[in-house]
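Chain by chain, the residues:
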Amino acid sequence: MTTSLGDPGTHETCPGAVSAGSARRKDAAFPGGAPAGRDAQRRRSRGFTVVELLVVLAILGLIAVIAVPQAIKFLGGAQHDAAAIQVERLSGILDLYRLDVGRYPDESEGLQALVTRPAGAERWNGPYVKKAEQLIDPWGNPYVYRYPGENGEFDLYSLGKDGSEGGEGEAADVTSW
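Residues numbered from 1 in each chain as written. Predicted model: local features only at pLDDT ≥ 70, side-chain atom pairs only at ≥ 80, totals over all residues. Heavy atoms only, no water.

Enquirer: Hey, could you run me through the sheet that holds strand 1 (residues 144–146) in this one?
Expert: Strands pair in a sheet through their backbones, by hydrogen bonds, and they do so in one of two ways: parallel or antiparallel. Spatially, three strands are ordered 1-2-3 in an open sheet, and the strand pairing comes out antiparallel. Both edges of this open sheet fall to strand 1 and strand 3 (174–175), since each of them pairs with a single strand only. (Pairing = 2+ DSSP bridges. Helix = DSSP H or I, 4+ residues; strand = E, 2+ residues; numbered from the N terminus.)

Enquirer: Would you take a moment to explain the pattern of salt bridges for this structure?
Expert: Opposite charge on two side chains allows them to pair when their charged atoms are near. One pass over the structure, following the stated rule, counts three salt bridges. Between Arg146 and Glu150 there is a salt bridge, and its shortest N-O distance comes to 4.0 Å. Its salt-bridge partner being Arg146, residue Asp155 comes within 3.2 Å of it at the nearest N-O pair. Exposure remark for Asp155: the relative accessible area of 0% places this residue in the buried category. A network of salt bridges, in which partner residues are shared, links Arg146, Glu150 and Asp155. (Salt bridge = Lys/Arg side-chain N within 4 Å of Asp/Glu carboxyl O. Buried < 20%, exposed > 50% of the residue type's maximum accessible area, 1.4 Å probe, protein only.)

Enquirer: Teacher, can you tell me more about a nonpolar patch on the surface here?
Expert: On the surface, Val50, Val51, Leu54, Val55, Val56, Leu57, Ile59, Leu60 and Ile63 cluster together to form a nonpolar patch covering roughly 870 Å² of accessible area. With respect to the element layout, Leu57 can be found in helix 2 (residues 50–101). We classify Leu57 as exposed; its relative accessible area is 55%. (Patch = residues over 30% accessible without salt bridge, like charges linked within 9 Å, V, L, I, M, F, W, Y side chains within 5 Å. Areas by Shrake-Rupley, 256 points an atom, 1.4 Å probe, with all protein chains shown as cover.)

Enquirer: Looking at this structure, I do not really get the packing of aromatic side chains. What am I missing?
Expert: Ring pairs (aromatic) are described by centroid distance and by the angle formed between their planes. For the structure shown, the criterion picks out six aromatic pairs. Both rings, one in Tyr104 and one in Tyr147, keep their centres 5.7 Å apart while their planes meet at 55 degrees; by these two values the pair is tilted. With Tyr104 in the loop between helix 2 and strand 1 and Tyr147 in the loop between strand 1 and strand 2 (155–158), this residue pair connects regions lying 43 residues apart in the sequence. Taking the relative accessible area as the measure of exposure, Tyr104 reaches 3% and is therefore buried. Owing to a relative accessible area of 27%, Tyr147 belongs among the partly exposed residues under this scheme. Feature note: the residues Tyr104, Tyr145, Tyr147 and Phe154 constitute an aromatic cluster, connected by ring pairs. (Phe/Tyr/Trp six-rings, centres within 6.5 Å; stacked < 30°, edge-to-face > 60°.)

Enquirer: Honestly, the side chain of Glu109 in this entry has me stumped. Any pointers?
Expert: Of note, Glu109 is situated in the loop between helix 2 and strand 1. The exposure class assigned to Glu109 is buried, which follows from its relative accessible area of 17%. Apart from residues no more than four positions distant in its own chain, Glu109 is found in contact with Tyr97, Arg103, Pro118 and Ala119. (Contact = heavy atoms within 4.5 Å.)

What follows is the structure, encoded as structure tokens:
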């Protein structure tokens, strides 16, 4: 079957062309189906080969091996920095408490005096912190408060990630002095 090309007055035809009204398949003109180029193109467009997937997984694995330890180290440093900021902030709040009440909370009152009015604190103008959870360090341990302090008027510190005195890196204590 042929269709005419160009000017309708001429009857030049193109062998193998399919007219719009033809019921034949496009690749029926080629014996054995579609040409080899099209078949290969269809196979490639179906998805990825197993080798390609393995290469991608290997690359992702290498990235994870390199990046994850760096991210964990960064997170640990961020918790230590957050504790230092919180200790500094709580120290300022304790100074404000002293201005209002006339003294720092004693050890029996502790940091809880910043949340609830202690007995005998008549000029208490709190709460100085909104929630008692603000008195917990980033590792889930309460801040240590000592009055009178050994290193200043009061000592306020976090025991770090390990929860015990001393340590290095993430386990280092975070102090107000």
